[in-house]
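Structural overview
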Amino acid sequence: MSTVSMTVNGKVVASVVEDRTLLVDFIREHLRLTGTHVGCDTSQCGACVVHVNGKAMKSCTMLAAAADGADVTTIEGVANGDLHPMQKAFNDNHGLQCGFCTPGMIMSGIDMVNRYKAEGKTLDEAAIRAELEGNICRCTGYHNIVKSIQQAAGEM
Amino acid sequence: MSEGIGAPVKRKEDKRFLTGSGRYTDDIQMENQAYAAFVRSPHAHAMVKGIDKSAAEAMPGVLAVLDGKQLTGDGIGNIICGWAITSKDGSPMNMGAWSALATDKTRYVGDAVVAVIAETKAQAREAAEAVVVDYDELPVAATIGAAVAGDAPQIHDNAPGNVIYDWEIGEKDPTDAALAGAAHVTEMDLTNNRLSPNAMEPRAAITKYDAAEDHYTLYTTSQNPHVARLVLSAFYQVAPEHKLRVIAPDVGGGFGSKIYIYPEEIVCLWAAMKTKRSIKWTADRTEAFLTDAHGRDHVTNAKMGFDADGNIVGFKVSTKANFGAYMSLFSSAVPTYLYATLLSGTYNIPNIYCEVLALYTNTVPIDAYRGAGRPEASYLVERMMETAARELGRDPADLRRQNFVREFPHQTPVIMNYDSGDFEGNLNQAMEAADWNGFDARKAESAARGKLRGIGMACYIEACGIAPSAAVGSLGAGVGLWESAEVRVNPVGSIEILTGSHSHGQGHETTFAQVVADRFGVPLDSIQIVHGDTDKVQFGMGTYGSRSGPVGMSAIAKALDKVEIKVKKIGAHLLEEPEENIVIEDGQVKATGTNKALGWHEIGLAAYTAHNLPADMEPGLKEGAFYDPLNFTFPMGCFICEVEIDPDTGKTEILKFVASDDFGVIINPMIVEGQVHGGIAQGVGQALLEEVVYNEDGQQLSASYMDYTMPRADDVPNYDVLHHNTKCTTNPLGIKGCGEAGAIGSPPAVINAITNAIGNNDLSMPATPSKVWALIHSARMAAE
Amino acid sequence: MGLQNGYFRPTSVDEALDHLAANDLTIAAGCTDLFPATEQKTLGGPVLDISGITALRGFRKNETGITIGATTTWSDLIAAPLPSAFGGLKLAAREVGARQIQNRGTLAGNLCNASPAADGVPPLLTLDAQVVLASKAGRRVMPLADFLIGPRQTARRADELLEGVHIPASALMGDGQFLKLGARKYLVISIAMVAARLVIADGVVAEAALAIGACGPVAARLPKAEAALVGQPMDPGLINASHLQGYLAPIDDMRADAAYRTTVATELVQRILGRFAESRSA
């Protein structure tokens, strides 16, 4: 067993977990934050993306113990008020259907916009499509997800 | 902006999904919850000689280790296919026994043999690994070819030659005669590749048993919870129908794969009763590949005859359809009434004959996947038309135009009666948007860069809104395919719509509310859509086959009619005006020609206080309706795809994709376009990337996202989605349905574009770089 | 079985080596390939998680060359100011999984998992990379080409930790490139990939390093092709299939057949050389 302590959505949480506990299971089962999803078992689909120390990571491929001391943000923690501009953009552009991949898409979208802004680069459609390689959606055909992220990039 | 029919209203349901507050089955945690894990056959075909559970039973946290003999011993019935198909010779289909836990024999890799129930997920999985099953391996038939081979193993004793049925439709002799007399016959052998639906939410189930009440609850990832309840009780005898509540909460995509009632749900319900514990099971992605029903997998030979003027005179089709190891719930209907009945396409074809050989193989069961039979028909018809045009030296658009159905209603030789459409209008709209006439210049520009450019079209038609119950009953369906709705106006005037349709991404909570807002002029925020719970909604047949619009919303419209009548009666009574002068507008009940009006809430209050109602009127304001469709609906359209291919690597890039659809009346264009986008992406996936691959031992080689090539954002283009709609004449709202069209029309459009680019018709899906490259090079080598 | 009592997250190399000497451990860093590669539903153990050893992350430069620490992530590599000889490795870094994987996945993990299709290997081969293996018994350095024995097999002993990758000063010259063909660009394992590092002086190739991946059990340098280039004016047409013969052992699989891979490999080599020709003329 390992004792892990981390900050999740601004709150310090500590728990004793089995060593093999994945970060995503810690978030879902221990913290009961069920917005972070599991859609595959090979780190491909991106439904589990969270931010660890400000960077997008797949929480299904990381042990909770390895996040000891880290600052973690999940979909439940991105909004400062009603909706984050990325969340609003997904609603404005019909960037979601069944909603299962959506939290991962939003976490990846926020990460890519922040990163491109920090580097002073333009996040155009081709760049968004390339950056979305780690997130699979089966419903939308990506068209409106790309539009959503484009809108949010202008508003964030 | 209006919130009624035709308005692109933003979705009401989005907020919970955007904030991580959605409630999917695996998000639910029950008190006293244990976990199930399944021991699955590692062999595609094997006798189960013995099961040693002792080591697993001794492991920490293990509550029960359950096998098929216990299951059948408790009277749990076999899994059934609900649509009876009769063979050419009049014999019934050969349905083999499918126990939720295999008793004597396993028939595909992933076939469940033992269920382990333990305190934690990890304990259940570890104990499952400790169960020792003694198998005696049998020869395997993993493909259609292997299943029909002379030395093929017998998968089910009651299906000689692995044949489930040998079915036909249409007139054979006149079709043969038409082909014999044709000036030209185009013949093709085409395969429709096997796909995995891959809803992003893996299947899951949570079951609860209340011993005091002898009552069962099942939370499940279902597209049709009422159908699940019916089948689980009436056929599988897991629980009596009145003692079983099925809830399908937020469901993360279905695409057909969540219609069916799978072994895991049966076993978890039964195990909850056995162990007196709530039980959760959630598939991982590998399990999803190994157990979710697959789609497609047809091998077809087809001949299409033309007269000297280019008119189609006959179409003869022979299809072998893979069913996998067992007959899934609707499997038998897919290659028959959902496929062969669409072989007339958008064309006048006087003679059609189709025969379908349905076969067992040692693979995952195959059933309806987005489009279900119609993509297979569309792919076949539209590749035949394209190839015929090339063989005849005709412009592919002109040959289609010449053969289009132009008068409605139109009776095809294969059951369907098309009610409406303007096929040429969609063709023209798509060609203009795609700048079809400018293609030659673009091709020359690509050629100058050493690239091959191609353009292709597909004019699909499909049948939605399943279906008139008496008609499908006469064709073998085991259920009626109506839908039900209840409209509940509350005393404060807010409205709840209880529907038997189920939303798992389609946006019903918004579009269904728009229908109500349109009718009464009440705000969208005052309307709530209730679905997915058999305790709340009286009955329903669920969502599949693009039926929620044409059937589900028609039921709502019918219930709204009844509410409207009662509201007008109450309004007339309270306003002391004749009923024929009462109108409902902007959320008010008004008397025309006067300034008298009542607020919507005043009507609600009056109905429930019942202090002053017309004589003989019952209190309350709640009406229900069952809607049974009069006909199928026929969405159709024209898709055009333009590609560029790198001849040195064979890699295809889609440069442009135009869709012009006829969906009848559209409730919310934003949501409809989203459905088209998603459908096209799945069709592009089928055409370029996706395929379930088995080796000859029946092992699935493509059982993860490392190997099954799901389309990602930069595999697909932006889509240019247009509408040229004609109203459906057979349902009250004029809706045709839009859920599957994208997946139906796009594969032939993509492949026709690629074959146009490379000048070779002999291409199969998925058109991987290596296949395309090989065709380019075989042509070059032949030329050299 | 699980890894109860079997998860170690040391903060120093010495501590890690003590654990390795005492136990049979699975070494984990970013874990991004560990779960997919092991095909386990839960992680087998016990595990030595080296992601907490800060000394193992980052770049160290001295007169002998540049050493990249074992837990340096692909994102670190993309962001680092490195000589243009690393151009190919940086391009490969962008193709490892997706961004979320690049943030977590490490260079050493990519090497130790020894997938025939590991993106990092061909560019590292063109950089004459050496691996540094540490154990209680001491350190040894070996060429990357010797370290990779076969698919999912390396020369690392169970008690050894891959501490870092050293690029000798002699290989820091020139420009690097990388090109990959997959069923898609990223994530799904590639059909074929090539890396090149060339030193071009006065239009003539002075030094050439070419490597190919996903076309055999392990990635390999292409000495015949390199020899054909050196001393000649830069021209992709100098290379044909014969220069690749003997260095490819592609397999037929679902993604592509062997004949296709062989032809495409030649095409990719010509294209990557074309990039040098273009950048020279530009």
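Residues numbered from 1 in each chain as written. Chains lettered and ligands numbered in written order. Predicted model: local features only at pLDDT ≥ 70, side-chain atom pairs only at ≥ 80, totals over all residues.

So, the overall build of chain C
The line we're drawing: Runs of H or I in DSSP of at least four residues are treated as helices and runs of E of at least two as strands, each being numbered from the N terminus. Neighbour density around each residue's C-beta defines its exposure: 20 or more other C-beta atoms within 10 Å make it buried, 12 or fewer make it exposed, and counts between make it partly exposed, where C-beta atoms are placed from the backbone.
Along chain C, the regular secondary structure elements total 10 helices and 14 strands. In chain C, which comprises 282 residues, the share counted as buried stands at 54%.

Description of the interface of chain A and chain B
This is how the line gets drawn: Contact definition: two residues whose C-beta atoms, as placed from backbone geometry, lie within 7 Å. Three classes are used: nonpolar for Ala, Val, Leu, Ile, Met, Phe, Trp, Tyr, Cys and Pro, charged for Asp, Glu, Lys and Arg, and polar for all others, with Gly counted as polar.
With 43 residues of chain A in contact, the opposing surface of chain B contributes 42 residues. Residue assignment for the side of chain A that touches chain B shows that the elements contributing at least two residues are helix 2 (85–92), helix 3 (102–119), helix 4 (125–131) and helix 5 (143–155) of chain A. In terms of residue count, the dominant contributor to the side of chain A that touches chain B is helix 2 of chain A (four residues). Partitioned by chemical class, the residues of the side of chain A that touches chain B number 21 nonpolar, 16 polar and six charged.

Overview of the packing of helix 3 of chain A against helix 5 of chain A
Helix packing for two helices is described by the angle between their axes and how far apart those axes are. Residues and elements named next belong to chain A. Put simply, the rule reads: To obtain each axis, a line is fitted to C-alpha atoms, and for helices this fit is confined to the stretch in contact; angles are then taken between N-to-C directions over 0 to 180 degrees. Roughly parallel covers angles under 35 degrees, roughly antiparallel covers those over 145, roughly perpendicular covers 65 to 115, and oblique covers all other angles. A clockwise turn of the near helix away from the far one marks a right-handed crossing, whereas an anticlockwise turn of less than a right angle marks a left-handed crossing.
Closest axis-to-axis distance for the helix 3/helix 5 pair is 10 Å, and the angle between their directions is 40°. Our classification of the angle between helix 3 and helix 5 gives oblique. Here helix 3 and helix 5 pass one another in a crossing that is right-handed. When helix 3 is examined against helix 5, the residues Met105, Gly109 and Val113 are found in contact with a partner set consisting of Ile145, Ile149, Ala152 and Ala153. Looking at the contact of helix 3 with helix 5 residue by residue, the class counts come to six nonpolar, one polar and no charged.

Comments concerning the domain arrangement of chain C
Residues and elements named next belong to chain C. As a reminder, the rule being used: All the domain ranges listed were derived from an automatic or database domain assignment.
The domain boundaries assigned to chain C delineate domain 1 (54–170) and domain 2 (173–281). Counting residues at the interface gives 25 residues for domain 1, matched by 28 residues for domain 2. Contributing elements (two or more residues each) for the side of domain 1 that touches domain 2: helix 4 (87–95), helix 7 (121–126) and strand 8 (148–150). Among the elements that make up the side of domain 1 that touches domain 2, the one with the highest residue count is helix 4 (six residues). Classifying every residue of the side of domain 1 that touches domain 2 gives 17 nonpolar, six polar and two charged.

Side note on unusual backbone geometry
Residue and element names in this part refer to chain B. Of note, the amide linkage connecting Phe408 to Pro409 takes the cis form, showing an omega dihedral of 0°. Structurally, Pro409 can be placed in the loop between helix 11 (396–403) and strand 16 (410–411). Look at the link from Met765 to Pro766: it is a cis peptide, with omega at -10°. Mapped onto the secondary structure, Pro766 falls in the loop between helix 19 (741–758) and helix 20 (769–783). Of note, Asp586 is a non-glycine position whose phi angle comes to about 50°, a positive value. Among the structural elements, Asp586 can be located in the loop between strand 22 (582–585) and strand 23 (588–591). Taking the C-beta count within 10 Å as the criterion, Asp586 has 10 such neighbours and is therefore assigned exposed.

What about the sheet that holds strand 21 (residues 527–530) of chain B?
All names here are of chain B. Our working rule: Whether two strands pair depends on DSSP finding at least two bridges between them.
Across the sheet, four strands lie side by side as 21-20-19-25; this open sheet has mixed pairing. Of all the strands in the sheet, the pair left with one neighbour each is strand 21 and strand 25 (622–627). This sheet shows a mean twist of 15° between the axes of neighbouring strands, independent of strand direction. Relative to strand 21, strand 20 (residues 495–499) runs parallel, the two sharing four bridges. Looking at strand 21, one finds that Leu498 is bridged to Val530. Packed on one face of the sheet, helix 15 (residues 508–520) meets strand 20 and strand 21 and runs near 130° to strand 21.

What about the sheet that holds strand 14 (residues 220–221) of chain C?
What holds strands together in a sheet is hydrogen bonding between their backbones, with the strands either parallel or antiparallel. Residues and elements named next belong to chain C. Spatially, 11-12-13-14 is the arrangement adopted by the four strands of the open sheet, whose pairing is antiparallel. Every other strand in the sheet has two partners, leaving strand 11 (175–181) and strand 14 as the edge strands with one partner each. When strand 13 (residues 204–213) meets strand 14, the two strands line up antiparallel, connected through two bridges. In the sheet register, Ile212 faces strand 14, and the bridge partner there is Ala220. Seen against the sheet, helix 4 touches strand 11 and strand 12 (192–201) and runs at an angle of roughly 30° to strand 11.

Quick word on the domain arrangement of chain B
Residue and element names in this part refer to chain B. Entries for chain B in the domain assignment read domain 1 (14–138 + 201–252 + 258–291), domain 2 (298–466 + 631–783) and domain 3 (482–627). Each partner contributes residues to the interface: domain 1 has 24 residues there, and domain 2 has 25 residues. Here the side of domain 1 that touches domain 2 is composed, by residue class, of 15 nonpolar, six polar and three charged.

Some details on the pairing of strand 27 (residues 651–662) of chain B
Residues and elements named next belong to chain B. Which entries qualify depends on this criterion: The handedness of a crossover follows from its direction of travel: if, with the strands pointing away from the viewer, the path from the first strand over the helix to the second runs clockwise, the crossover is right-handed.
Most of strand 27 sits out of view: nine of its 12 residues are buried. As defined by bridge partners, strand 26 (residues 636–646) adjoins strand 27 across 11 bridges and the pair is classed as antiparallel. Residue Met636 lies in a different strand from strand 27, and its bridge partner there is Asp662. Here strand 26 hands over to strand 27 after four residues, with Gly650 in that stretch at a positive phi of 75°. After leaving strand 27, the chain enters helix 18 (residues 669–689) and then returns to the sheet as strand 28 (residues 720–723), a path that is right-handed.

Considering helix 19 of chain B
Residue and element names in this part refer to chain B. Formally: Helices are assigned an expected span. That span is 1.5 Å times one less than the residue count.
Taking 1.5 Å per residue, 18 residues should reach 26 Å; helix 19 reaches 27 Å between its end C-alpha atoms and fits that length. Most of helix 19 is tucked away, with 18 of its 18 residues classed as buried. Backbone geometry just after helix 19 places Gly759 at a positive phi near 65°.

Regarding the pairing of strand 26 of chain B
Along a regular strand, successive side chains alternate from one face of the sheet to the other. Residues and elements named next belong to chain B. With 10 of 11 residues buried, strand 26 lies mostly within the body of the structure. Bridge analysis of strand 18 (residues 452–461) against strand 26 gives 10 bridges, and the strand direction is antiparallel. Considered in strand 26, the bridge of Leu452 is made with Ile645.

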